[in-house]
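Notes for the structure review
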Amino acid sequence: MEAFRTLRTTLCFAGEDRNRLVVTSAEPGDGKTTVISQLATSFGMAGKRTLLIDADLRKPGLSRLFKMRGQPGLSDILRSDDDLDPLCAARIRPTGIDGVDLLPCGPKPSDPLELLSGPRFELLLGWAEAHYDQILIDTPPILSTSETSVLARHVGQVLFVVEAHATGAAQVQEAVSLVSVC
């Protein structure tokens, strides 16, 4: 847990406001969901009200980790034109970790890129900033889909997880180049 406290501290003192953060990796299995959940725990332990958003609408790792698969969530909110306050209140759930809530992915959409590209996601982030100190967004691996690049533009800050001795240098370079164009 000390490594995640160090990461939290590094992010907090990086000089820019980093209350919105996308967490991604190059390939599936690099540990991004583990990293984001531990980082959220660290923020919660520091007294920061933290919202985890499971924006991996294809393989929702956070929803699975916190046993919230199949529950209403992000995809419902993005499809709706209704007011965000009651929608979010009905869909955001406590994780059991002090100070940390989760917006599960919701039902898997047939069009995740289009859903995440719409203006509703930015409205959701604005709502979240008014209610939380820290917003952490779990996204698909950047080499697998286009959604992460779209989400990175909304957020501006990307934490890139690499599994040591498993992710090849060429994959890391390609993934970083995709993040750089965001």
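We now turn to the structure provided with this report. Everything quoted here is computed from the prediction, not taken from an experiment.

1. Concerning the overall build of the protein
Of regular secondary structure, the protein possesses nine helices and six strands. Burial status across the protein gives 50% buried among its 182 residues. Within the protein, counting contacts between residues at least 6 apart in sequence, those at least 24 apart form 80% of the total. Total accessible area on the protein is roughly 8,400 Å²; 51% of this is exposed by carbon and sulfur atoms.

2. A closer look at the packing of helix H7 (residues 119-131) against helix H8 (residues 147-155)
Contact geometry of H7 with H8 gives a least axis separation of 10 Å together with a crossing angle of 45 degrees. When the interaxial angle is binned, H7 and H8 end up oblique. Every pair of crossing elements has a handedness; the one defined by H7 and H8 is right-handed. From H7, Phe121, Glu122 and Leu125 reach across to H8, where they touch Leu151, His154 and Val155.

3. Observations concerning the packing of helix H5 (residues 84-91) against H7
Closest axis-to-axis distance for the H5/H7 pair is 11 Å, and the angle between their directions is 75 degrees. One way to sum up the angle between H5 and H7 is to call them roughly perpendicular. Residues Leu84, Asp85, Leu87 and Cys88 of H5 form the contact with H7, whose own contacting residues are Arg120, Leu123, Leu124, Trp127 and His131. A class-by-class count of the residues in the contact of H5 with H7 yields six nonpolar, one polar and two charged.

4. Description of a negative patch on the surface
Side chains of Asp81, Asp82, Asp83 and Asp85 sit close together on the surface and give a patch of like negative charge. Considering the arrangement of structural elements, one finds Asp82 in the loop between helix H4 (74-79) and H5.

5. Re the packing of aromatic side chains
Inspection of the entire model under this criterion finds one aromatic pair. When the centroid spacing of 6.4 Å and the interplanar angle of 55 degrees are considered together, the rings of Trp127 and Tyr132 count as tilted. Of the two residues, Trp127 and Tyr132, both sit in the buried class.

So, how was this worked out
Residues numbered from 1 in each chain as written. Predicted model: local features only at pLDDT ≥ 70, side-chain atom pairs only at ≥ 80, totals over all residues. Heavy atoms only, no water. Helix = DSSP H or I, 4+ residues; strand = E, 2+ residues; numbered from the N terminus. Buried < 20%, exposed > 50% of the residue type's maximum accessible area, 1.4 Å probe, protein only. Contact = heavy atoms within 4.5 Å. Areas by Shrake-Rupley, 256 points an atom, 1.4 Å probe, with all protein chains shown as cover. Axes fitted to C-alpha atoms, helices over the stretch in contact; angles between N-to-C directions. Parallel < 35°, antiparallel > 145°, perpendicular 65-115°, else oblique. Left-handed = near helix turned anticlockwise from the far one by under 90°. Nonpolar A, V, L, I, M, F, W, Y, C, P; charged D, E, K, R; others polar. Patch = residues over 30% accessible without salt bridge, like charges linked within 9 Å, V, L, I, M, F, W, Y side chains within 5 Å. Salt bridge = Lys/Arg side-chain N within 4 Å of Asp/Glu carboxyl O. Lys, Arg positive; Asp, Glu negative; His and termini not counted. Charge placed at Lys NZ, Arg CZ, Asp CG, Glu CD. Phe/Tyr/Trp six-rings, centres within 6.5 Å; stacked < 30°, edge-to-face > 60°.

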